[in-house]
Amino acid sequence: MAAAVISMTTAALDWVSVVFDAPLARAVVFGVHIDGHLVVEVLLIAVILFQLTRKSYKPPKKPLTEKEIDDLCEEWVPESLHPPITEEMKVEPPTLESAAGPHTVIDGKKVVNFASANYLGLIGNDKIIDSCVASLEKYGVGSCGPRGFYGTIDVHLDCETRIAKFMGTPDSILYSYGISTIFSVIPAFCKKGDIIVADEGVHWGVQNGLYLSRSTVVYFKHNDMTSLEGTLEKLTRGNRQAEKIRRYIVVEALYQNSGQVAPLNEIMRLKEKYRFRVILEESHSFGVLGNTGRGLAEHYGVSIEKIDIITAGMGNALATDGGFCIGSARVVDHQRLSSSGYVFSASLPPYLASAAVAAVNYLEDNPTVLTTLRSNVSLLWKGLSDIPGLTIASDPSSPLVFLKLKKSTSSSKCDLELLNKIAEKALREDSVFVVSTKRSVLDKCHLPVGIRLFVSAGHTVSDIKKVSDSLRRVAALVLAEHI
Amino acid sequence: MVRLPYLIALSTLFSYGLLFAFGQMRDFFRKLIDWSKSTSEDLKGYAPICLGLEDFYTRRLYLRIQACPIDCFSRPIASAPDAWFDVVERYSNDNNKTLHRTSNTTKCLNLGSYNYLGFAAADEYCTPRVIESLKKYSPSTCSARIDGGTTNLHTELEELVARFVGKPDAILFGMGYVTNSAIIPALLGNGGLIISDSLNHNSIVNGARGSSASVRVFQHNSPSHLEEVLREQIAEGQPRTHRPWKKIIVIVEGIYSMEGELCKLPEIIAVCKKYKAYTYLDEAHSIGAVGKSGRGVCELLGVDTDDVDIMMGTFTKSFGSCGGYIAASKEIIQYLKHTCAAHLYATSMSPPAVQQVISAIKVILGEDGSSRGAQKLARVRENSNFFRSELQKMGFEVLGDNDSPVMPIMLYNPAKIPAFSRECLRQEVAVVTVAFPATPLLLARARICISSSHSREDLMKGLEVISNVGDLVGIKYFPAEPPKCVEQDEKVL
């Protein structure tokens, strides 16, 4: 048995060596020795090439026929343009019959108004109204064109110079609407691939700007500096790529959704440590914070050049409309061609620009209005300190006083119902106008809802007493079962 | 559509190519110089705030077009933007990097502002009422509409706009741009489809991008291409998952501001109805300016307003104010009042501006007791048709349809843009020139906006100046019609 196997293997080996020693195998072609294994390799390559040239089997693609497309189009049923209308959608806000000053008229009754962000009490100010009248008679109402096409009127340029002088920056740029300022500025500077670290409590305008910029956005916990530091550390640690892309921190000076004030000194320290740029939204703090109303930078004693971009809407303290943005000369010039809300939109009506100039002049000449505002706020704090079921959640220096429920119910919808009841009762029975938080379904902010009171320098001591008493009474009634 | 002759296309491309090459060379030298200088400690570690390519256009092309004492963009004015206005003279010491105002002004004929019905300046009916409302309600309400910003004026205007436009209800916003940017996300979200015209305005593009819906574009003013796109999209469904679309909205404009042409509304509505898509009509330039009683493109083309689901418009152009509106069915408006971010968070429209629109609409409808509205509408139509036909007779290439008060004159070459603009200003006519990126690169143009406050003499002066400058600059691309005296000679013979 073994012998047969041995003989077979030797025979096979002999045969293989014969093949290898065959004359063809020892040929010399063009001076190159050809060994036997080359023949096998050439055959192998030939087989591979043959297989590659064969077409692979793909199932045939059948495009839809016209009839099939017709059928699909017939069958398709779109949703309705609007969802079913619920009861809460039908509620109309109260209609004012006079100016939205500290006292206004609703439904024929005189009402104390804490729903307008008229912080310096400039609604109804005679100097401002006179300058508006002069402007209306000279320029008409609208400016009839964007800034690039004869919509730049000399009052716009005056307004920009005045604001820049007031804030101490080289130049400023004027926008025609408060909310469009921030959502035009952010996409002008932040593009796809940039990193933005934003507070989770920023308002819808900022959120829209962040979405339109297509940058990577990371949110940190509302007004929490340790969370901010942690986020910045995580983003920059070991990431050498981070040096080459632009990085921004976006915060609001005074948050509309909670009344908190951002700690600018902490933010500046973190910004310098991690090399980020700061975009500061000052709509509710311009004209309010700081000894002379120059905003958060003055409040914290930070030099204005250190903050890269500041935007503000003028619809609050300055009692006019529109917005502005300040920064270095390069920052402002860049926006004149690339900010969509500036280039593609009609410019601010000239009478509103002259109202802004008059308001800034008034603020510079009468800094005592800020002391009145601050004393009103502290008086209101005292009055609201013992309301059953409600607690003050805003910063003591903020004129936007934010009350939230001490014990929240299961859902923010139920919270909102209770708060709406309180606001409505206060208006109907005590003639005091306060408002609850209104949130759109498109808003990504999840901070707790509450009641907002906008304190003005035009409110008197008796107004403040009236609102505290009213809220105390109404809250006790509405939240009785709830506490 | 614009017919672009080959020779002109080649010469325009060559000019842009030259400018681009020069720009790149200067950038290169700038980089060398910067590299040799050391950067300051402060900026170390920060990426530059404006990256290289982004403001290439600004630095190299825009500044060259401005490079002359009288420049073309952002000219300030010192009076109301009426038929004649005062343009402020500016000078520059540093080759047009910064421009300084002087206190000298030149009175010029205004062919650039959107003032179709002449409400831009102080008006005898509107201005006293506006001043009265200013004294009563003050310039701003400092509050959002849903908080404490709704006054009687706002509710009155909403009813008036709904009645004027022909829809059950309307909602107001303080700025036209924000109207589009905030409404489109409220109507559609993920799973929806927006089909928009390729030449739609930037506010619509922004609104479409701000919603998380998919966006497709159809060829400008082409109902057949719209039908193709609709069929394809409905059959395919959402990308990747192929689920059916939740809803489809087609967005078109009444008058396209860069082309001056009207939308082919009846055909587009027919296509949308067939495929069950919703229509959104942006009448920024056409409301108040076209149509027998100023009710816009629907009236002019005979379309029933019930067939258009959502009608949007602005008050900046024909009504001489600011702000925008949306008119639709009662349910949609109720839903928008509850959801739309601009209604909930943005300051409400300034009360004097609201009063201006109320008075302007009353004048147009004749409810002020005079026939000034009808006169204005007739005059703007006559003026536009006269001006357009005269320009075409002179040999200019003018775009746009009859009855539209917007007429672009083609320039093409980038060097002709500043030349045309400055020459016209020297002869006291103010025109607007538009180039990339508002128009396609090769199709730069000068855009004329006619107003009802232009008298026949104003138009004749404008035509004379434009004809002279056109000869100087060389933009009469078509043969001019022979003048009438030739016919007289033939008669004599």
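Coordinates for the structure precede this section.
Given the structure is predicted, the values throughout are model-derived calculations rather than measurements.

Caption draft 1: Seen up close, the overall build of chain A. Per the secondary structure count, chain A includes 16 helices and 17 strands. The C-alpha radius of gyration of chain A comes to 36 Å, more than 25% above the 23 Å expected for a compact globule of 483 residues. Along the first, second and third principal axes, the C-alpha atoms of chain A reach 125 × 55 × 55 Å. Taking all 483 residues of chain A together, 54% fall into the buried category.

Caption draft 2: Inspection of the nonpolar core at higher detail. If you look at the biggest cluster of nonpolar residues, it comprises 215 residues, and the most contacted ones within it are Leu453(A) and Leu157(B). Per element, the largest residue contribution to this core is 10 residues, and it comes from helix α13 (residues 350–365) of chain A. Sequence-distant contacts of Leu157(B), that is, excluding residues within four places in its chain, are made with Leu172(B), Phe315(B), Met349(B), Val354(B), Val357(B), Ile358(B) and Ile361(B). Formed by 39 residues, the second largest nonpolar core is a distinct cluster that contains Phe183(A), Ala182(B), Ala208(B) and Ala328(B).

Caption draft 3: A look at a nonpolar patch on the surface. Where nonpolar side chains cluster on the molecular surface, the patch consists of Phe14(B), Leu18(B), Phe22(B), Met25(B), Phe28(B), Phe29(B), Leu32(B) and Ile33(B) and spans about 830 Å² of accessible area. Along the chain, the position of Ile33(B) falls in helix α1 (residues 6–36).

Caption draft 4: Fine view of unusual backbone geometry. All names here are of chain B. Here Ser138, not a glycine, exhibits a phi torsion of approximately 60 degrees, which is positive. Position of Ser138 among the secondary structure elements: in the loop between α3 (126–137) and α4 (152–165). Look at Ser138 and you get buried, because its relative accessible area is 1%. A positive phi angle, close to 70 degrees, is found at Tyr412, a residue other than glycine. Summarising the element assignment, Tyr412 is placed in the loop between β11 (406–410) and α14 (416–426).

Caption draft 5: The interface of chain A and chain B, seen in detail. Taken together, the contact pairs 108 residues of chain A with 109 residues of chain B. With both chains or domains summed, chain A and chain B bury close to 9500 Å², and 63% of this area falls on carbon and sulfur atoms. When residues of chain A are sorted by the area they lose upon contact with chain B, Trp76(A), Leu81(A) and Tyr150(A) head the list and together hold 11% of the total. Linking chain A with chain B are four salt bridges. Across the salt bridge formed by Arg231(B) and Asp70(A), the nearest N and O atoms sit 2.7 Å from each other. Viewed at the interface, chain B and chain A are joined by 32 residue pairs in polar contact (both at pLDDT 80 or more). By residue number, the principal contributor to the side of chain A that touches chain B is helix α4 (residues 126–139) of chain A, which donates eight residues. The residue inventory of the side of chain A that touches chain B, partitioned by class, reads 54 nonpolar, 25 polar and 29 charged.

Caption draft 6: Quick look at the sheet that holds strand β17 (residues 451–454) of chain A. Residue and element names in this part refer to chain A. Read across the open sheet, the four strands follow the order β13-β14-β17-β16; overall the sheet is antiparallel. In the strand order of this sheet, the two ends are held by β13 (390–392) and β16 (435–436), each with one partner. Taken strand by strand, helix α14 (residues 368–384) contacts β13, β14 (400–405) and β17, and its axis lies near 15 degrees from that of β14.

Caption draft 7: Spatial organisation of the packing of aromatic side chains. Residue and element names in this part refer to chain B. Overall, the coordinates contain 11 aromatic pairs over all chains when judged by the stated rule. Taken together, a centroid distance of 5.8 Å and an interplanar angle of 70 degrees make the contact between Phe315 and Phe319 edge-to-face. Seen in terms of ring centroids, Tyr412 and Tyr477 are 5.2 Å apart; in terms of plane orientation they differ by 55 degrees. Their pairing is tilted. Separated by 65 residues along the polypeptide, Tyr412 in the loop between β11 and α14 and Tyr477 in the loop between α15 (456–473) and α16 (485–492) bring together distant segments of the chain. A connected cluster of aromatic rings, assembled from ring pairs, spans Phe164, Phe315, Phe319 and Tyr325. The ring of Phe119 has Lys376 lying over it, and the distance from NZ or CZ to the ring centre is 4.6 Å. Sitting over the ring of Phe386, Arg456 keeps its end group 3.9 Å from the ring centre.

Caption draft 8: Fine view of the sheet that holds strand β6 (residues 171–175) of chain A. All names here are of chain A. Overall, mixed pairing links the seven strands, which are arranged β6-β12-β11-β10-β9-β7-β8 in an open sheet. Here the strands that pair on one side only, and so sit at the sheet edges, are β6 and β8 (216–220). Sheet twist, expressed as the mean angle between neighbouring strand axes with direction ignored, is 20 degrees. Contacts between helix α6 (residues 178–189) and the sheet are confined to β6, β7 (195–199), β9 (247–252), β10 (277–281), β11 (309–313) and β12 (323–327), with β11 contributing the most and set at about 155 degrees to the helix.

So, how was this worked out
Residues numbered from 1 in each chain as written. Chains lettered and ligands numbered in written order. Predicted model: local features only at pLDDT ≥ 70, side-chain atom pairs only at ≥ 80, totals over all residues. Heavy atoms only, no water. Helix = DSSP H or I, 4+ residues; strand = E, 2+ residues; numbered from the N terminus. Rg over C-alpha atoms; globule rule 2.2 N^0.38 Å. Buried < 20%, exposed > 50% of the residue type's maximum accessible area, 1.4 Å probe, protein only. Core = buried A, V, L, I, M, F, W, Y, C linked by side-chain atoms within 4.5 Å. Contact = heavy atoms within 4.5 Å. Patch = residues over 30% accessible without salt bridge, like charges linked within 9 Å, V, L, I, M, F, W, Y side chains within 5 Å. Areas by Shrake-Rupley, 256 points an atom, 1.4 Å probe, with all protein chains shown as cover. Salt bridge = Lys/Arg side-chain N within 4 Å of Asp/Glu carboxyl O. Buried area = accessible area lost by both parts, 1.4 Å probe. Polar contact = N/O pair within 3.5 Å; in protein donor to acceptor, adjacent residues only side chain to side chain. Nonpolar A, V, L, I, M, F, W, Y, C, P; charged D, E, K, R; others polar. Pairing = 2+ DSSP bridges. Axes fitted to C-alpha atoms, helices over the stretch in contact; angles between N-to-C directions. Phe/Tyr/Trp six-rings, centres within 6.5 Å; stacked < 30°, edge-to-face > 60°. Lys NZ or Arg CZ within 6 Å of the ring centre and 35° of its normal.

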